Amino acid sequence: MTKSQDKPGQVTRREFFGAIFGLSLVAMMAQFGSVLARFLEPVIEEGAFGTVVRAGRVEEFEVGSVNYFRQARFYLVRLEDGFLAEYRKCTHLGCVVPWIEEEGIFNCPCHSSLFTKEGEVISGPAPRPLDLFPIEIRDGVIYVDTGTIIEREAFHPDQLTPA
Ligand code: FES
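These numbers come from a predicted model, not from an experiment. (Residues numbered from 1 in each chain as written. Predicted model: local features only at pLDDT ≥ 70, side-chain atom pairs only at ≥ 80, totals over all residues. Heavy atoms only, no water.)

## Let's talk about the nonpolar core
Moving on, step 1. By size, the foremost hydrophobic cluster in this structure holds 16 residues, and its most contacted members are Leu 84, Val 97, Phe 106 and Phe 115.
Moving on, step 2. Looking at this core element by element, the count peaks at three residues for strand β3 (residues 74-79).
Moving on, step 3. Excluding anything up to four places from it in sequence, Phe 115 contacts Cys 90, Thr 91, Val 97, Ile 105, Phe 106, Glu 120, Val 121, Ile 122, Ala 126, Arg 128 and Leu 130.
Moving on, step 4. Core analysis: the second largest hydrophobic core is formed by 15 residues, Val 53, Ala 55, Leu 76 and Phe 133 among them. (Core = buried A, V, L, I, M, F, W, Y, C linked by side-chain atoms within 4.5 Å. Buried < 20%, exposed > 50% of the residue type's maximum accessible area, 1.4 Å probe, protein only. Helix = DSSP H or I, 4+ residues; strand = E, 2+ residues; numbered from the N terminus. Contact = heavy atoms within 4.5 Å.)

## Some points on the confidence of the model for the protein chain
Moving on, step 1. Within the protein chain, residue pLDDT values average 86, and 79% of them lie at 70 or more.
Moving on, step 2. Low confidence marks residues 35-45, where pLDDT is under 50. Its contacts with residues over four positions away, or in another chain, come to two contacts. (pLDDT = per-residue confidence, 0-100.)

## Some details on unusual backbone geometry
Moving on, step 1. With an omega of 25°, the peptide bond between Gly 124 and Pro 125 qualifies as cis.
Moving on, step 2. Following the sequence through the fold, Pro 125 ends up in the loop between β8 (121-123) and β9 (132-133).
Moving on, step 3. One non-glycine residue, Arg 73, lies in the positive phi region at around 65°.
Moving on, step 4. Take Arg 73: its relative accessible area is 32%, and that puts it in the partly exposed class.

## Considerations on the packing of aromatic side chains
Moving on, step 1. In this structure the tally under the stated criterion is ten aromatic pairs.
Moving on, step 2. Taken together, a centroid distance of 5.6 Å and an interplanar angle of 20° make the contact between Phe 49 and Tyr 87 stacked. With a gap of 38 residues between them, Phe 49 in the loop between α1 (13-40) and β1 (52-57) and Tyr 87 in strand β4 (residues 82-87) connect regions that are remote in the sequence.
Moving on, step 3. Ring geometry for Phe 74 and Phe 133: centres 6.4 Å apart, planes at 75°, overall edge-to-face. In this pair, Phe 74 sits in strand β3 while Phe 133 sits in strand β9, placing the two residues 59 residues apart along the sequence.
Moving on, step 4. You can call Phe 74 buried: its relative accessible area is 0%.
Moving on, step 5. Residue classification places Phe 133 among the buried positions, given a relative accessible area of 3%.
Moving on, step 6. Members of the aromatic cluster, connected to one another through ring pairs, are Phe 49, Phe 61, Phe 69, Phe 74, Phe 83, Tyr 87 and Phe 133.
Moving on, step 7. In this arrangement the basic side chain of Arg 138 is found over the ring face of Tyr 143, its NZ or CZ atom lying 4.2 Å from the centre. (Phe/Tyr/Trp six-rings, centres within 6.5 Å; stacked < 30°, edge-to-face > 60°. Lys NZ or Arg CZ within 6 Å of the ring centre and 35° of its normal.)

Right, dumping it as structure tokens:
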């Protein structure tokens, strides 16, 4: 059958395959777009640094305890009068400062700065105490805002968030 013999309104083979090809192309572009969008979307894990982290319930932390939240990069310190959330980053050149439970101090492995449990400098070269993150306690649950860094020159009891 020649083209001139096509009936009006009848779809030719060429038009049919052209339409199928066009639809396939649209479907492929949509799939590519969704993959691209997922790739570009920032990945924010629960409890990750930079977010408000649910640390736990007040009663889970004994007075005197220091608990490390590795992913969120802070230590939750419970003192007699409340909590501190101390940034693990040394105020000298930014090394990760480990808590030494047996000695009751933070000891930076890079240049040996020592910090008290409250984060105050015992010996330098660190120029100031460990930074803090704001804490909010709601219905007995502790939330730490690791997106807000608080620098300080010394420890004051009013930095504590009461239980
Ligand atoms: S980075 Fe901690 S003492 Fe230098």
